[in-house]
Amino acid sequence: MNYDSIWNNFLSIIQTKLTSLPFKTWFADTKLLKIENSKAYIIVPMPIHKKHLVDNYNNLIIETLNSLVGTNCELVFLLSEEIEEELNENKVQNNINNIEVEVEEVNSNLISKYTFDNFVVGNSNKFAHAGALSVAENPGKMYNPLFLYGDSGLGKTHLMHAIGNYIVKNSNKKVLYVTSEQFIQDFIKTNRKDDEDSNFNYVDFFKNKYRNIDVLIIDDIQYLGGATKTQQEFFHTFNNLYNDSKQIIISSDRSPKDLKVLEDRLRTRFTWGLEVNIFPPDFELRSQIVRKKIIAEKLEKEIPDDVIEYIAANTGSNVRELEGAITRLIAYSSMMGSADITLDLAVDALKDTVSKGIGEKNDVHRIQKIVSEYFQISVEDIRSKKRSSNISFPRQIAMYLCRVMTNESFPKIGIEFGGKDHTTVMHSVEKIEKEIRVNKDLANIIEKLKKDIGLV
Ligand code: ADP
Ligand code: MG
């Protein structure tokens, strides 16, 4: 777990819920040391913070942290000078606790915030979603194993936890979620000498953890990688569970066929059940996801449709980036103390993120890139509000091409061109249409551009 990034997210949410003085006074200088055994260890600058945070913000902190890490944590506030003391005490306590607890009860590791309810379904992920739901409803019966694959940030981990949470809620089955790294670490420990004092046997622990379950979810299997002994052990674990009709769910960044680092016998087994590919979301789905995430934030301020579409159009296809853009916009608007979240504010808040990915995300961006190259201006300019004719003419051509070559509406095209009004787009399109009829050179240029863009 990366505690710093959890805490940064935490602070940006808190910042939206408080006015700036209490935020600065009570939260700005805090840090998350770690989360362990459902306790969150928070470092505060002065003793007075401890009491004030407990008395005034206890629930807010617990709930916000829960929304990020998926469990309710008990809060432990520490001054920097108390860290060492706390860590030592804990070590002794933990050694005793872990050994007893772990052998009997292995934690499912499920993150409760990832559910089917908050997974937004569209064309690009509907098969993955349907496969996941069938498995959740009939673990071990329908498709075994379920193999989910696709690029990073498209919702594989979310879906896997959703399956696990669904099964735990609707049955007595025992579910275990691990990443392939965790599996490797647990396996490596089995080579350790038994702990003589406690009678702790790591081989027993491993077998109990991985065989005494009904559902094994293993995330990012591509990292099982070159460690052949670990692969062998995973092969045994797989067979053992499979033969007992226990459900196995696997994710990867590529298909079993392309998982060249793994042994053939493992790859073949991965194809026995159902393989589903999850694709990048299209504009429609991205907008829906943004809308749903904003609702989940329970903001007091309204976020207008053009802002939602701006985020969806400009933030790439990775859902993690979409979420980052929303967090950033919300934090930015509260920092600026702005009453409303407007398109201008969004353009400002997201300017670094947006310009980074120019050029590969969708057909509109492709058109912008090719037209800019042809007229030797920058993509930033074609997407800006600049009015000089060496920029505005290519921009009108690009808008025209977007209109005739993609299915985007006037308002959507406007958004892609620096937030222009849809009537401006309509005028530009009409103007170019008229001009092509009388100007043969322009007609030729447009034909050439169309060929380069190559969409039709
Ligand atoms: P992956 O495991 O494929 O890299 P994740 O499951 O970690 O991706 O998804 C990244 C983030 O995007 C998560 O916060 C997840 O909740 C969110 N996300 C992805 N797809 C969707 C979706 N269809 N609906 C809602 N949230 C999504
Ligand atoms: Mg993942």
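Given the structure is predicted, the values throughout are model-derived calculations rather than measurements.

A. Fine view of the layout of surface pockets. Within this model, the second largest pocket holds a volume of roughly 470 Å³. Looking at the lining of the second largest pocket, the elements with two or more residues in it are helix H1 (3-17), helix H2 (20-27) and helix H13 (319-335). Per-element tally for the lining of the second largest pocket: the top contributor is H13, with four residues. Within the lining of the second largest pocket, the residues separate by chemical class into six nonpolar, eight polar and six charged. Residue-level mapping places the lining of the second largest pocket at the junction of two domains, with at least three residues from each of domain 1 (1-90) and domain 3 (283-355).

B. Just the packing of helix H16 (residues 363-375) against helix H18 (residues 389-405), in detail. Taken N-terminus to C-terminus, the directions of H16 and H18 make an angle of 145°; their axes are 9 Å apart at the nearest point. The crossing of H16 and H18 is right-handed. Together, Val-364, Ile-367, Val-371 and Phe-375 of H16 and Pro-394, Ile-397, Ala-398, Leu-401, Cys-402 and Met-405 of H18 make up the contact between the two elements.

C. Spotlight on the site of ligand 1. In the region of ligand 1, 18 residues are neighbours, and Val-120, Gly-153, Lys-156, Thr-157 and His-158 sit closest. Within the side chain of Asn-125, a nitrogen or oxygen atom sits 3.3 Å from a nitrogen atom of ligand 1. Within the backbone of Leu-154, an N or O atom sits 3.2 Å from an oxygen atom of ligand 1. Alone, ligand 1 offers 550 Å² of accessible surface; in the complex the protein occludes 94% of this. Mapped onto the shell around ligand 1, the elements with two or more residues apiece are helix H6 (156-170), helix H11 (283-296) and H13. Its residues placed into classes, the shell around ligand 1 shows six nonpolar, seven polar and five charged.

D. Layout of the domain arrangement of the protein chain. Domain assignment breaks the protein chain into domain 1 (1-90), domain 2 (93-280), domain 3 (283-355) and domain 4 (359-453). Between the C-alpha centres of domain 1 and domain 3 the distance comes to 26 Å.

E. Expanded view of helix H21 (residues 440-453). Between its first and last C-alpha, H21 extends 20 Å over 14 residues, near the 20 Å set by a 1.5 Å rise per residue. Those residues of H21 that sit buried are Leu-442, Ala-443, Ile-446, Leu-449 and Ile-453. Along the long axis of H21, the arc covered by the buried residues comes to 125°, so they all point the same way. Opposite the packed face of H21, turned more than 90 degrees from it, sit the exposed residues Lys-440, Asp-441 and Lys-451.

The rules we used
Residues numbered from 1 in each chain as written. Chains lettered and ligands numbered in written order. Predicted model: local features only at pLDDT ≥ 70, side-chain atom pairs only at ≥ 80, totals over all residues. Heavy atoms only, no water. 1 Å grid on protein atoms, 1.4 Å probe; cavity = no way out; pocket = protein on both sides within 12 Å on 5 of 7 lines; lining within 4 Å. Points joined across faces, edges and corners; volume = space filled by probe spheres on them. Helix = DSSP H or I, 4+ residues; strand = E, 2+ residues; numbered from the N terminus. Nonpolar A, V, L, I, M, F, W, Y, C, P; charged D, E, K, R; others polar. Domains from an automatic or database assignment. Axes fitted to C-alpha atoms, helices over the stretch in contact; angles between N-to-C directions. Left-handed = near helix turned anticlockwise from the far one by under 90°. Contact = heavy atoms within 4.5 Å. Near = heavy atom within 4 Å. Polar contact = N/O pair within 3.5 Å; in protein donor to acceptor, adjacent residues only side chain to side chain. Areas by Shrake-Rupley, 256 points an atom, 1.4 Å probe, with all protein chains shown as cover. Expected span 1.5 Å × (residues − 1). Buried < 20%, exposed > 50% of the residue type's maximum accessible area, 1.4 Å probe, protein only. Arc of directions from axis to C-beta.

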